[in-house]
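Read off the chains here:
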Amino acid sequence: MGIGKESATLEDFLEKAGGCAVLDGGFATQLERHGATINDPLWSALCLIKDPHLIQKVHQEYLEAGADILVTSSYQATIPGFLSRGLSIEEAETLLRRSVKLAVEARDKFWDAIKTNPYQNRTKALVAASIGSYGAYLADGSEYGGNYGPDVNLDKLKDFHRRRLQVLVEAGADLLAFETIPNKLEAQACAELLEEENVQIPSWICFSSVDGKNAPSGESFNECLDVLNKINKVTAVGINCAPPHFVLALIQKFKELTGKAIVVYPNSGEIWDGVAKRWLPSKCFDDEKFELFATRWRDAGAKLIGGCCRTTPDTVRAISKALKEWS
Ligand SMILES: C[S+](C)CC[C@H](N)C(=O)O
Ligand SMILES: N[C@@H](CCS)C(=O)O
Ligand SMILES: [Zn+2]
């Protein structure tokens with residue numbers, strides 16, 4: 001027996017979405033635009049404790065902007081992270097389940113409101129449970145560095161991810177989204193866990209990149225994807241929270257390296273300073289540029305396209321306009 005409901009394939013969903021699905025945008029970014037303070041080791045997961053209503057509002061805003069897939073607020077929600085704040089294991093698991101519940105409720109409410117409108121051309125959105133990297137939990141910018149040191153081995157990374165993954169799948173997520181994976185070892189740990197836990201829902205594993213060519217650790221995507229290609233339970237692979245000007249070349253590279261579906265959701269181009277905990281200005285794409293490049297990314301072979309940090313519902317609206325223009 002595996003965990004998670006038997007679901008329709010991602011391929012079927014992509015077909016219903018017109019061949020290419022629109023993801024949402026920067027989740028934490030939109031929380032902050034509404035005034036949330038997340039300068040904290042739990043980052044956006046702090047809102048699971050302090051302001052769950054705001055989480056649901058942000059999901060709603062991304063649906064209204066055209067997202068076919070919502071990514072949950074669990075990026076930096078981890079059991080050890082919550083324990084270090086004095087919560088019990090039970091409370092930590094309740095918060096993880098809450099992240100899925102908030103997105104599912106937002107999705108269902110939105111769908112109930114639009115499904116009978118004959119002029120709407122939408123598919124019922126999916127909820128992807130975010131599983132941020134170990135580096136995200138460290139809260140020191142390690143998801144863009146990829147060097148976890150000699151004490152972190154394959155088993156330690158599996159132990160870190162296992163229980164959260166089980167709780168999120170059992171809470172009813174439609175998909176798993178591993179985000180900002182910065183090295184080959186962690187990609188392998190996540191992929192092998194999908195097999196060990198016999199996960200029945202589709203999943204993507206996304207890497208960050210700081211040089212536009214390799215994983216942040218310096219390992220080539222060739223090596224990283226070699227590991228993932230062998231594991232059928234990894235449905236899609238790609239890039240998230242890397243600068244958007246890297247994305248076209250990375251899609252072309254990934255097309256050569258894998259037969260799996262490709263997912264891309266870059267950030268705005270700003271650079272995260274993990275020590276000062278703030279975004280530094282750099283070469284950025286505005287929403288018009290996202291609109292222009294979304295079709296280039298699709299034409300290069302990406303099947304799931306959205307935005308990550310510092311992008312907003314307006315960015316998603318621009319991507320949706322570009323990709324669903326035919327509809
Ligand atoms: C995607 S980064 C901006 C998330 C925050 C980071 N893990 C930190 O806590 O500093
Ligand atoms: N899903 C996370 C990604 C951070 S890189 C968020 O949008 O907050
Ligand atoms: Zn991001």
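Preceding block: the structure.
Source: prediction; values computed, not measured. (Residues numbered from 1 in each chain as written. Chains lettered and ligands numbered in written order. Predicted model: local features only at pLDDT ≥ 70, side-chain atom pairs only at ≥ 80, totals over all residues. Heavy atoms only, no water.)

## Considerations on the pattern of salt bridges
Counted according to the given criterion, the structure contains 17 salt bridges. Two residues, aspartate 68 and lysine 324, come together in a salt bridge whose shortest N-O distance is 2.6 Å. Residue aspartate 68 is found in the loop between α4 (52-65) and β2 (69-71), and its partner lysine 324 is found in the segment after α13 (313-323); the two are separated by 256 residues along the sequence. According to the relative accessible area criterion, lysine 324 is buried, its value standing at 16%. Residue arginine 107 pairs with aspartate 174 through a salt bridge whose shortest N-O separation is 3.1 Å. On the criterion of sequence distance, the pair formed by arginine 107 in helix α6 (residues 89-114) and aspartate 174 in the loop between α8 (154-170) and β4 (175-181) is long-range, its members being 67 residues apart. (Salt bridge = Lys/Arg side-chain N within 4 Å of Asp/Glu carboxyl O. Helix = DSSP H or I, 4+ residues; strand = E, 2+ residues; numbered from the N terminus. Buried < 20%, exposed > 50% of the residue type's maximum accessible area, 1.4 Å probe, protein only.)

## Re empty space enclosed by the protein
Summed over all chains, the structure comprises two cavities of 30 Å³ or more. Volume-wise, the largest cavity comes out at about 340 Å³. Lining the largest cavity are 31 residues; nearest its centre among them are Ala28, Trp43, Tyr75, Cys308 and Cys309. Contributing elements (two or more residues each) for the lining of the largest cavity: α2 (27-33) and β4. Examining the composition of the lining of the largest cavity, we find that three residues originate from one element, α2, more than from any other. Of the residues in the lining of the largest cavity, the class split is 14 nonpolar, 12 polar and five charged. Quantified by volume, the second largest cavity comes out at close to 40 Å³. For the lining of the second largest cavity, the leading source of residues is α6, giving four residues. Residues of the lining of the second largest cavity, tallied by class, amount to six nonpolar, one polar and three charged. (1 Å grid on protein atoms, 1.4 Å probe; cavity = no way out; pocket = protein on both sides within 12 Å on 5 of 7 lines; lining within 4 Å. Points joined across faces, edges and corners; volume = space filled by probe spheres on them. Nonpolar A, V, L, I, M, F, W, Y, C, P; charged D, E, K, R; others polar.)

## Considerations on the packing of helix α10 (residues 221-229) against helix α11 (residues 247-257)
When two helices pack together, you describe them by how their axes are tilted relative to each other and by the distance separating the axes. In contact at an axis separation of 10 Å, α10 and α11 are set at 45 degrees when each is read in the N-to-C sense. For the element pair α10 / α11, the angle class is oblique. In this structure, α10 crosses over α11, and the sense of that crossing is right-handed. On α11, the residues that touch Phe221, Asn222, Leu225 and Asn229 of α10 are Leu250, Lys253, Phe254 and Leu257. Here the contact of α10 with α11 is built from residues that sort into five nonpolar, two polar and one charged. (Axes fitted to C-alpha atoms, helices over the stretch in contact; angles between N-to-C directions. Parallel < 35°, antiparallel > 145°, perpendicular 65-115°, else oblique. Left-handed = near helix turned anticlockwise from the far one by under 90°. Contact = heavy atoms within 4.5 Å.)

## Brief notes about the coordination of the zinc ion (ligand 3)
The coordination sphere of the zinc ion (ligand 3) contains the protein donors Cys241 (SG), Cys308 (SG) and Cys309 (SG), at a distance range of 2.2 to 2.4 Å. Considering all four donor atoms around the zinc ion (ligand 3), the spread of angles at the metal, 97 to 130 degrees, places the coordination shape in the tetrahedral class. Look at where the donors of the zinc ion (ligand 3) fall in the sequence and you get C-x66-C-C. Taken together, the residues cysteine 241 in the loop between β6 (236-240) and α11 and cysteine 309 in the loop between β10 (302-305) and α13 connect sequence positions 68 residues apart. (Donors = N, O, S within 2.8 Å, 3.2 Å for Na, K, Ca; no water. Tetrahedral: all angles 85-135°; square planar, octahedral: opposite > 155°, others 65-115°.)

## Structural notes on the site of ligand 1
Around ligand 1, the neighbouring residues are Trp43, Tyr75, Gln76, Ala136, Ala139, Glu143, Tyr144, Trp272, Lys277, Trp279 and Cys309. With respect to ligand 1, the side chain of tryptophan 272 contributes an N or O atom lying 3.2 Å from an oxygen atom. Between lysine 277 and ligand 1, the recorded distance is 2.7 Å, taken from a side-chain N or O atom to an oxygen atom. Here ligand 1, which alone exposes 330 Å², has 99% of that area covered by the protein. Given that more than half its atoms are within 2 Å of the pocket grid, ligand 1 belongs to the largest cavity. (Near = heavy atom within 4 Å. Polar contact = N/O pair within 3.5 Å; in protein donor to acceptor, adjacent residues only side chain to side chain. Areas by Shrake-Rupley, 256 points an atom, 1.4 Å probe, with all protein chains shown as cover. Sits in = over half its atoms within 2 Å of the grid points.)

## Things to note about the nonpolar core
Ranked by size, the top nonpolar core spans 111 residues in total, and within it Ile69, Leu165, Leu176, Trp204, Phe207, Trp297 and Leu304 carry the most contacts. Per-element accounting of this core gives the leading share, 11 residues, to α6. If sequence neighbours within four positions are ignored, tryptophan 297 has contacts with Pro244, Val247, Leu248, Ile251, Val264, Pro266, Phe285, Phe290, Ala302 and Ile305. Formed by seven residues, the second largest nonpolar core is a distinct cluster that contains Tyr134, Leu154, Phe160 and Ala189. (Core = buried A, V, L, I, M, F, W, Y, C linked by side-chain atoms within 4.5 Å.)

## Details of the packing of aromatic side chains
One pass over the structure, following the stated rule, counts 14 aromatic pairs. Ring plane angle 65 degrees and centroid distance 5.6 Å describe the contact between tryptophan 43 and tyrosine 75, whose orientation is recorded as edge-to-face. In this pair, tryptophan 43 sits in the loop between α2 and α3 (46-50) while tyrosine 75 sits in the loop between β2 and α5 (79-83), placing the two residues 32 residues apart along the sequence. Like tyrosine 75, tryptophan 43 is buried. Above the face of the phenylalanine 293 ring, arginine 296 is positioned so that its terminal group lies 4.6 Å from the ring centre. (Phe/Tyr/Trp six-rings, centres within 6.5 Å; stacked < 30°, edge-to-face > 60°. Lys NZ or Arg CZ within 6 Å of the ring centre and 35° of its normal.)

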